[in-house]
Amino acid sequence: MAIKKHEDIRLNVKPMFLTLYHEYVFEGPCRFGEGMQLEKEFDLHMAAEKFKGWYAQLQAAMPADVVNLLEPVKVERDEQFLTKDEMLDTLAEGSEDVDLYYIGYASRPYDLALEFAMRTGKPCAITQACCAAAITSAEFLSRGLEFYSFEDWADATEYMTVLRARKVLKDSKILAATRMTSAVSVSAPDSIIDQDHGQVRHAPALRVGPRAARPD
């Protein structure tokens, strides 16, 4: 097994951008406009522009000495809200190498992100974006999924160091040398003797000498 230096370990972050577009021309409940603004091509154009802006902010926020930013994955879905296996397969490709998925949205495909996280169990994060952060936080955290919602990109930048530190500790191996046939110091016998439970185990008290006779 190869030995890695702690300073060489990076947090693998994969951008995940989800789009909801409309096949048909109609208004509401969260779609308003006129003419070409209600067409599928306009939806996809706006989603592409939103992705570019979001991805640029994400790239700027992820510190290169902490994060290995992977290639983004994108899935588009229409207003029928159907989640297909191939969508989830696309999102999950290479997930074994991902430490954190960073979510971006165009419109409201929130349930798709939830279904993905429930299937893979991978941690996810988002930076404040209108109501998306509140909705995604509620659906993830109420189901016990690991999720991080950041107020701004500066908060995200700072917390990546915490998640990287967790990865470093998880992947670390510690050599604990024994002395005098024991892991407990001879000069400090009150130290922890069970590294799994982290507590001192007390032996039964020893009696010295014969037990005194009770008076009648």
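Structure: above.
Quick notes on the rules
- Residues numbered from 1 in each chain as written.
- Predicted model: local features only at pLDDT ≥ 70, side-chain atom pairs only at ≥ 80, totals over all residues.
- Heavy atoms only, no water.
- Salt bridge = Lys/Arg side-chain N within 4 Å of Asp/Glu carboxyl O.
- Helix = DSSP H or I, 4+ residues; strand = E, 2+ residues; numbered from the N terminus.
- Buried < 20%, exposed > 50% of the residue type's maximum accessible area, 1.4 Å probe, protein only.
- Phe/Tyr/Trp six-rings, centres within 6.5 Å; stacked < 30°, edge-to-face > 60°.
- Lys NZ or Arg CZ within 6 Å of the ring centre and 35° of its normal.

A.B. asks: Would you mind going over the pattern of salt bridges in detail, with residue names and values included?
C.D. replies: Going through the model one piece at a time under the given rule, you end up with 6 salt bridges. The shortest N-O distance in the salt bridge between Asp 85 and Arg 119 comes to 3.6 Å. With Asp 85 in helix H2 (residues 85–92) and Arg 119 in helix H3 (residues 110–120), the pair connects residues that are 34 residues apart, well separated along the chain. We classify Asp 85 as partly exposed; its relative accessible area is 47%. Across the pair Glu 115 and Arg 119 runs a salt bridge whose closest N-O atoms are separated by 2.9 Å. You can see Glu 115 and its partner Arg 119 sitting in helix H3, 4 residues apart, about one turn around the helix. When its relative accessible area of 28% is taken as the criterion, Glu 115 is described as partly exposed. Beyond isolated ion pairs, a larger network of salt bridges with shared partners links Asp 85, Glu 115 and Arg 119.

A.B. asks: Can you break down the packing of aromatic side chains residue by residue, with the values?
C.D. replies: In the structure shown here, the tally under the stated rule is 11 aromatic pairs. Note on Phe 17 and Trp 54: the rings are 5.5 Å apart at their centroids and 45° apart in plane angle, and the pair reads as tilted. Remark: Trp 54 occurs in helix H1 (residues 40–61) and Phe 17 occurs in strand E1 (residues 11–20); sequence separation between them is 37 residues. This pair shows no difference in class: Phe 17 is buried, exactly as Trp 54 is. Between the aromatic rings of Phe 150 and Tyr 159, the centroid separation amounts to 5.9 Å while the plane-to-plane angle is 50°, which identifies the pairing as tilted. Here a set of aromatic residues connected by ring pairs shows up, and it is made of Tyr 102, Tyr 148, Phe 150, Trp 153 and Tyr 159. Taking the ring centre of Phe 51 as reference, the NZ or CZ of Lys 74 above it sits at 4.3 Å.

A.B. asks: Account for the environment of Ala 134, with residues named and values stated.
C.D. replies: Residue position: Ala 134 is located in helix H4 (residues 132–141). Judged by relative accessible area, which is 51%, Ala 134 ranks as exposed.

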